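An overview of the molecular structure
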Amino acid sequence: MLFRSDHTVKLFAKHGIENLGYFVPLGDNPERKLVFFIAYPSRAERDARWNAFFNDPAWQKAYKESEANGKLVTKAETVYLTATDYSPAAKPENVGNRIFELRTYTTEPGRLPNLNARFRDHTLKLFAKHGITNLPYWTPHADQKGANNPPDPANTLIYLVAHKDEAARKASFDA
């Protein structure tokens, strides 16, 4: 997909797909990876909104033009996430240059409730105390890998935090 503010981002908004954030890894990015977070009220709404997006003549034109010299995307991954009960609200905000850290924790079987309790009761407060900005905390949606899909219990926590810069990140975690 073509992700430019003059095409996709605006067309997402036009079709009710909420743009939360777009990120590329720091330093080398040999996979040419773009990670982005978008939101919908529900999975059913997601499907309806994407259908409208893909059928929009403006998107079809932008897509065709962007791939005139060959495909842009070699691989796309989608993960549906549900906010934890302690997660700050996911919302777009422009607060200047920061670095973001996306973390995924995989627990031992049956231990995700304990990890969530640790984050809810302790870690978020400690992060804030040491200058780490807590952003959303998620678990995979019910039908996703790492979610509660019997006989396998849920075992995955995914979260995003922000730092002023790399030096601030190091200082925060050292503290």
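Residue indices follow the written sequence of each chain, beginning from 1 at its first position. The predicted nature of this model means local features are confined to residues of pLDDT at least 70 and side-chain atom pairs, given and counted, to a pLDDT of 80 or more, with totals for whole chains, interfaces and linings taken over all residues. Heavy atoms from the whole structure form the basis of all side-chain values; hydrogens and water molecules are not counted.

So, the pattern of salt bridges
Every case where a carboxyl oxygen of Asp or Glu lies within 4 Å of a side-chain nitrogen of Lys or Arg is listed as a salt bridge. Scanning the model with the defined rule gives 12 salt bridges in all. In this structure, Arg43 and Asp143 form a salt bridge, with 3.0 Å as the shortest nitrogen-oxygen distance. With Arg43 in helix α2 (residues 43-54) and Asp143 in the loop between β5 (133-140) and β6 (156-163), this pair connects stretches of sequence that are 100 residues apart. Residue classification places Asp143 among the partly exposed residues on the basis of a relative accessible area of 47%. For Glu65, the salt bridge is made with Lys61, and the minimal N-O distance between the two is 2.8 Å. Of this pair, Glu65 and Lys61 both sit in helix α3 (residues 57-66), 4 residues apart, roughly one helical turn. For Glu65, a relative accessible area of 48% translates into the label partly exposed. By the criteria applied, helices consist of DSSP H or I runs no shorter than four residues and strands consist of E runs no shorter than two, each listed in order from the N terminus. Only protein chains enter the accessibility calculation, which uses a 1.4 Å probe; a residue is then buried when its area is under 20% of its type maximum, exposed when over 50%, and partly exposed in between.

Some words on unusual backbone geometry
With a phi angle near 55°, Arg32 is a residue other than glycine that sits in the positive phi range. Along the chain, Arg32 falls in the loop between β1 (18-23) and β2 (35-39).

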